[in-house]
Amino acid sequence: MVRENEIRDNEVAVEPPTASDAGLTFIGRISTPWTSRMETPRQGRHDGPLCRIEIFDPWVPALTGVEAFERLEILYWLDRSRRDLVLQSPASNGKVHGTFSLRSPVRPNPIGTSIVKLEAVEGAVLLVRGLDCLDGTPLLDLKPDRTLFKPIAPPQPGDFQTGDGGT
Ligand code: SAM
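A brief report on the enclosed structure follows.

### Topic: the overall build of the protein chain
No. 1: If you tally the helices and strands in the protein chain, you get zero helices and nine strands.
No. 2: When its helices and strands are written in sequence order, the protein chain yields β-β-β-β-β-β-β-β-β.
No. 3: Residues counted as buried form 35% of the 167 residues belonging to the protein chain.
No. 4: Contacts in the protein chain between residues far apart in sequence, at least 24 positions, make up 78% of those at least 6 positions apart.
No. 5: Where the 19 positive side-chain charges of the protein chain centre and where its 23 negative ones centre are 4 Å apart.

### A look at the site of the ligand
No. 1: Taken together, 20 residues surround the ligand, and among them Pro41, Gln43, Asp79, Arg103 and Asp132 come closest.
No. 2: Between the ligand and the protein, one listed contact pairs an oxygen atom with a backbone N or O atom of Thr40 at 3.4 Å.
No. 3: Thr113 places a main-chain nitrogen or oxygen 2.9 Å from a nitrogen atom of the ligand.
No. 4: For the ligand, whose free accessible area comes to 600 Å², the fraction covered by protein is 95%.
No. 5: Each residue belonging to the shell around the ligand can be placed in one class, and the counts come to six nonpolar, seven polar and seven charged.

### Concerning the pattern of salt bridges
No. 1: In this structure the tally under the stated criterion is eight salt bridges.
No. 2: A salt bridge links Glu119 to Arg129, with the shortest nitrogen-to-oxygen separation between them at 2.8 Å. Taken together, the residues Glu119 in strand β7 (residues 111-122) and Arg129 in strand β8 (residues 125-129) connect sequence positions ten residues apart.
No. 3: Each of Lys117, Glu119 and Arg129 takes part in a single network of salt bridges with overlapping partners.

What counts, and at which threshold
- Residues numbered from 1 in each chain as written.
- Predicted model: local features only at pLDDT ≥ 70, side-chain atom pairs only at ≥ 80, totals over all residues.
- Heavy atoms only, no water.
- Helix = DSSP H or I, 4+ residues; strand = E, 2+ residues; numbered from the N terminus.
- Buried < 20%, exposed > 50% of the residue type's maximum accessible area, 1.4 Å probe, protein only.
- Contact = heavy atoms within 4.5 Å.
- Lys, Arg positive; Asp, Glu negative; His and termini not counted.
- Charge placed at Lys NZ, Arg CZ, Asp CG, Glu CD.
- Near = heavy atom within 4 Å.
- Polar contact = N/O pair within 3.5 Å; in protein donor to acceptor, adjacent residues only side chain to side chain.
- Areas by Shrake-Rupley, 256 points an atom, 1.4 Å probe, with all protein chains shown as cover.
- Nonpolar A, V, L, I, M, F, W, Y, C, P; charged D, E, K, R; others polar.
- Salt bridge = Lys/Arg side-chain N within 4 Å of Asp/Glu carboxyl O.

As structure tokens, then:
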């Protein structure tokens, strides 16, 4: 599968284990113009349509300071994805690729990430551009774009460590 839930030529599905290793809390909901996977962008673009990220209580105070960042990294749960393919054929041509060599929404833990352009913060709502998810997609997390973020806590020895000496 990739666009809808069909299996394509040479794709391989497995019987996934019961999902139980991590418990996640949806902290918000994303509103976008897209209601069909056939129309959703494969990757968002910073000149794309305005999308709305609503943060649920009690997490709204956690938005304090986000307005300082021009770009945010958004993590979301691709809730309408199948999760059982190990080999996928994105082009539907029989040529398959390992799931972990793709950014397909079909993966054992269907987490999507996008770097978005922050346009406005309006209380519990962020207005952003650059998403590629269906309307109603659950929000997992958001954080500053790593290239814009400087750690506030003092450095630790590992921050200066380079080269060999790993395990
Ligand atoms: N930018 C993210 C990434 O790289 O991790 C996601 C990329 S993924 C290729 C984007 C595609 O996922 C969309 O084109 C759509 O087909 C699919 N998709 C979007 N929202 C989804 C959802 N809530 N459930 C299942 N599939 C979704």
